[in-house]
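One-letter residues, chain by chain:
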Amino acid sequence: MDSFASHWGKKEVTKVEKCRICKNPNLETFIHLGPLPIPNGFLKKSELAFHEKSYPLDAAFCQKCGLVQLAHITSPKVMFKNYAYVPSTSTTMVSHFNELSNYAQKIAGLSSKDLVVDIGSNDGTLLKSFNKIGVKTLGVDPATNLARIANRQGIKTINNYFTQKVARQIAAKYGLAKVITATNVVAHIHDLHDLFEAIKILLSKDSIFIAEFPYLVDLLEKVEFDTIYQEHLSYFSVNSLLKLLSMHHLNLVNVQRLPIHGGSLRCVVKVKSLAKGKNPLVGRPKVEKLLDFEIKRGLLLADTYFNFAKKVENVRHDLVSLLLALRSKNKRIVGYGASAKGNIITNYCKIGPEIIDYIVDSIPFKQGKYTPGMHIPIFKESKLLENKPDYVLIMAWNFADEIIEKQKEYRRSGGKFILTVPKLRIV
Ligand code: DWN
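Residues numbered from 1 in each chain as written. Predicted model: local features only at pLDDT ≥ 70, side-chain atom pairs only at ≥ 80, totals over all residues. Heavy atoms only, no water.

Here's the deal with the site of the ligand
Logical step 1: The full set close to the ligand counts 26 residues, and Glu231, Lys341, Asp361, Ser362 and Lys366 are the nearest of them.
Logical step 2: Between the ligand and Asp361 there is a distance of 2.6 Å, counted from an oxygen atom to a side-chain nitrogen or oxygen.
Logical step 3: Here an oxygen atom of the ligand and a side-chain polar atom of Lys406 are 2.8 Å apart.
Logical step 4: Compared with its free state, where it exposes 710 Å², the ligand has 97% of that area covered by protein.
Logical step 5: For the shell around the ligand, the secondary structure elements donating two or more residues are helix 12 (340-348) and helix 14 (400-406).
Logical step 6: If one sorts the elements of the shell around the ligand by residue count, helix 14 sits on top with three residues.
Logical step 7: Considering only residue class, the shell around the ligand consists of 10 nonpolar, nine polar and seven charged. (Near = heavy atom within 4 Å. Polar contact = N/O pair within 3.5 Å; in protein donor to acceptor, adjacent residues only side chain to side chain. Areas by Shrake-Rupley, 256 points an atom, 1.4 Å probe, with all protein chains shown as cover. Helix = DSSP H or I, 4+ residues; strand = E, 2+ residues; numbered from the N terminus. Nonpolar A, V, L, I, M, F, W, Y, C, P; charged D, E, K, R; others polar.)

Observations regarding the sheet that holds strand 13 (residues 264-271)
Through backbone hydrogen bonds, the strands of a sheet pair up, either in parallel or in antiparallel fashion.
Logical step 1: Strand order across the open sheet formed by seven strands is 8-7-6-9-10-13-12, with mixed pairing between neighbours. Strands with a single pairing partner mark the edges of an open sheet, and in this sheet they are strand 8 (157-158) and strand 12 (250-258).
Logical step 2: Where strand 9 (residues 177-183) lies against strand 10 (residues 203-214), six bridges are found, and the strand directions are parallel. The residue of strand 10 that forms the bridge with Thr181 is Ile210.
Logical step 3: Across the sheet, helix 3 (residues 91-108) lies against strand 9, strand 10, strand 12 and strand 13, angled at about 155° from strand 10, the strand it touches most. (Pairing = 2+ DSSP bridges. Contact = heavy atoms within 4.5 Å. Axes fitted to C-alpha atoms, helices over the stretch in contact; angles between N-to-C directions.)

With respect to unusual backbone geometry
Logical step 1: Backbone torsion omega between Gly34 and Pro35 reads 5°, so that peptide bond is classified as cis.
Logical step 2: Topologically, Pro35 is positioned in the loop between strand 2 (28-32) and strand 3 (58-61).
Logical step 3: You will see that Lys23, though not glycine, has its phi angle at about 65°, which is positive.
Logical step 4: Residue position: Lys23 is located in the loop between strand 1 (13-15) and strand 2.
Logical step 5: Assessed through its relative accessible area of 44%, Lys23 is described here as partly exposed.
Logical step 6: With a phi angle near 55°, His375 is a residue other than glycine that sits in the positive phi range.
Logical step 7: Here His375 shows up in the loop between strand 15 (359-360) and strand 16 (378-379). (Buried < 20%, exposed > 50% of the residue type's maximum accessible area, 1.4 Å probe, protein only.)

Structural notes on the nonpolar core
Logical step 1: Phe162, Val186, Phe209, Val238, Leu252 and Phe308 are the most contacted members of the largest nonpolar core, which has 99 residues in total.
Logical step 2: The leading source of residues in this core is helix 11 (residues 302-328), at nine residues.
Logical step 3: Discounting residues that sit within four places of it in the chain, Val186 has contacts with Leu192, Leu195, Phe196, Phe209, Ala211, Phe213 and Phe236. (Core = buried A, V, L, I, M, F, W, Y, C linked by side-chain atoms within 4.5 Å.)

A few points about the packing of aromatic side chains
Logical step 1: By the definition in use, this model includes eight aromatic pairs.
Logical step 2: When the ring of Phe61 is compared with that of Tyr305, the centres are 4.5 Å apart and the planes differ by 25°; the resulting orientation is stacked. Taken as a pair, Phe61 in strand 3 and Tyr305 in helix 11 lie far apart in primary sequence, 244 residues in all. Across the pair, exposure class does not vary: Phe61 and Tyr305 are buried alike.
Logical step 3: Look at Phe213 and Phe236: their rings are 4.9 Å apart centre to centre, the planes differ by 40°, and that puts the pair in the tilted class. Here Phe213 is found in strand 10, whereas its partner Phe236 is found in the loop between strand 11 (234-235) and helix 9 (238-246), with 23 residues between them in sequence. With respect to class, Phe213 is no different from Phe236; both count as buried.
Logical step 4: Members of the aromatic cluster, each reached through a chain of ring pairs, are Phe30, Phe61, Tyr305 and Phe308.
Logical step 5: Taking the ring centre of Phe365 as reference, the NZ or CZ of Lys369 above it sits at 4.0 Å.
Logical step 6: The side chain of Lys383 reaches across the aromatic face of Tyr358, ending 5.0 Å from its centre. (Phe/Tyr/Trp six-rings, centres within 6.5 Å; stacked < 30°, edge-to-face > 60°. Lys NZ or Arg CZ within 6 Å of the ring centre and 35° of its normal.)

Considering the packing of helix 9 against helix 10 (residues 285-296)
Logical step 1: Look at helix 9 against helix 10: their axes get within 9 Å of each other, and the N-to-C directions meet at 125°. Viewed along their axes, helix 9 and helix 10 adopt a mutual orientation that is oblique. Along its contact with helix 9, which presents Val238, Asn239 and Leu242, the element helix 10 presents Val287, Leu290, Leu291 and Glu294. (Parallel < 35°, antiparallel > 145°, perpendicular 65-115°, else oblique.)

Section: the environment of Asn98
Logical step 1: Within the fold, Asn98 resides in helix 3.
Logical step 2: It is 18 Å that separates the C-alpha atoms of Asn98 and Val255, two residues lying 157 residues apart in sequence.
Logical step 3: Discounting residues that sit within four places of it in the chain, Asn98 has contacts with Ser129 and Lys132.
Logical step 4: There is a polar contact of 2.8 Å between the side chain of Asn98 and the side chain of Ser129.

Focus on the pattern of salt bridges
Logical step 1: Taken as a whole, this structure holds 17 salt bridges when the rule is applied.
Logical step 2: Put simply, Glu197 and Lys200 hold a salt bridge, and the shortest N to O gap is 3.6 Å. Linking Glu197 with Lys200, this pair stays in helix 7 (residues 192-202), spanning three residues, or about one helical turn.
Logical step 3: Each of Asp218, Lys222, Glu224 and Arg257 takes part in salt bridges that share partners, so that together they form one network. (Salt bridge = Lys/Arg side-chain N within 4 Å of Asp/Glu carboxyl O.)

Digging into the state of the cysteines
Logical step 1: Applying the stated criterion across every chain, the model contains zero disulfides.
Logical step 2: Here Cys22 is not disulfide-linked; the sulfur of Cys62 is the nearest cysteine sulfur, at 3.5 Å.
Logical step 3: As a non-bridged cysteine, Cys65 has Cys19 as the owner of its nearest cysteine sulfur, 3.4 Å distant. (Disulfide = S-S within 2.5 Å.)

Quick look at the environment of Ile260
Logical step 1: On the secondary structure map, Ile260 appears in the loop between strand 12 and strand 13.
Logical step 2: Note on Ile260: relative accessible area 9%, which makes it buried.
Logical step 3: Residues Ile260 and Leu57, spaced 203 residues apart in sequence, show a C-alpha to C-alpha distance of 24 Å.
Logical step 4: Contacts of Ile260, omitting those with residues within four sequence positions, involve Thr92, Met93 and His96.

Spelled out as structure tokens, the structure:
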């Protein structure tokens, strides 16, 4: 039985006894947001009457390797078997993935004989961009509903978790990958050592692994506490990532900050001891620069995280006060984007249907359902102009520009948007 199955079995929650990267047993928990329902646990009306499980949600800091990580982890089976996150519904995401595939082609020199493997390939949106370039692609994703969508669209997808066992099966059947991608999935995986050994099985000396994940500095600086939830097990800095890669003889050859998802890192990784000069990859100065930046920002100090926890309390207080003040003036407020982070905000701040009348969302799977915990009804986006509420709390702030542009008619009619990141404001 591989490490994945042996770890979980029937358990739904496990306390993290030691750091996921360096095995340090002295993790310092700095924030308690839960217990809360899992943030993608949308409910049908018929399910509202039943007991809804909540799961621990607390984050800890490892002084030894710098990794910020959840102090309890919830079984992937609870979270990912039928998954509600679909990037293809956002033009921001589609254009981001097109840029990523072009970037990968440029630095890896992809041709039609090359294989690209996407870990956590979701509905195949990223692999579609690679297909346009004309390379062979293969997705791996544990969400049965999403793998089915991808396969139906001709994006070959293995419906499973990406483990060493699956990597060996892929290598035997399809050969090694020229590029492996993992966008917003590395932070979701508990056994990072199994993950990187599995990645190495598929990497040749000329291959590259490109990972994108939210950047810890952005989370701290913009108080993006609503991105701390049961799906996100790790919150990476360059410092903690380097510690992890060095344990697997992997090199971080380039890193860049991206604005996507409230601030992310794009990391280019290669197998160590590569022939010099073979790849036009930018050198490591960017890595060193970000490492220095992180030290200056206090990312190696526990106090930084305890101070962050105090800022989160302030955000909760200020947001709830604003919403209650608007309601006291009989203003109607709705939400926009039934996102995982939105469900953290509503559950942590106890913002229910008595404050937010409903939420509009573009994803058909979510429309007609209710949010986990607070049970706020979700409708199609068209309800906004039909109903014309006074205020819209954007709960998918990472797509605020796209949403405000899409709803300029609502704004022209006098509607106002409430944004929480990077600071609480009405636009
Ligand atoms: O890591 C993850 C991030 C990348 O995405 C996943 N674990 C889960 C997921 O988090 P999320 O649910 O907060 O994802 P989104 O994509 O930020 O959620 C956006 C929500 O907003 C979706 O439900 C779709 C909706 N939306 C909309 O209604 N109209 C989005 C856009 C752009 C729109 O125009």
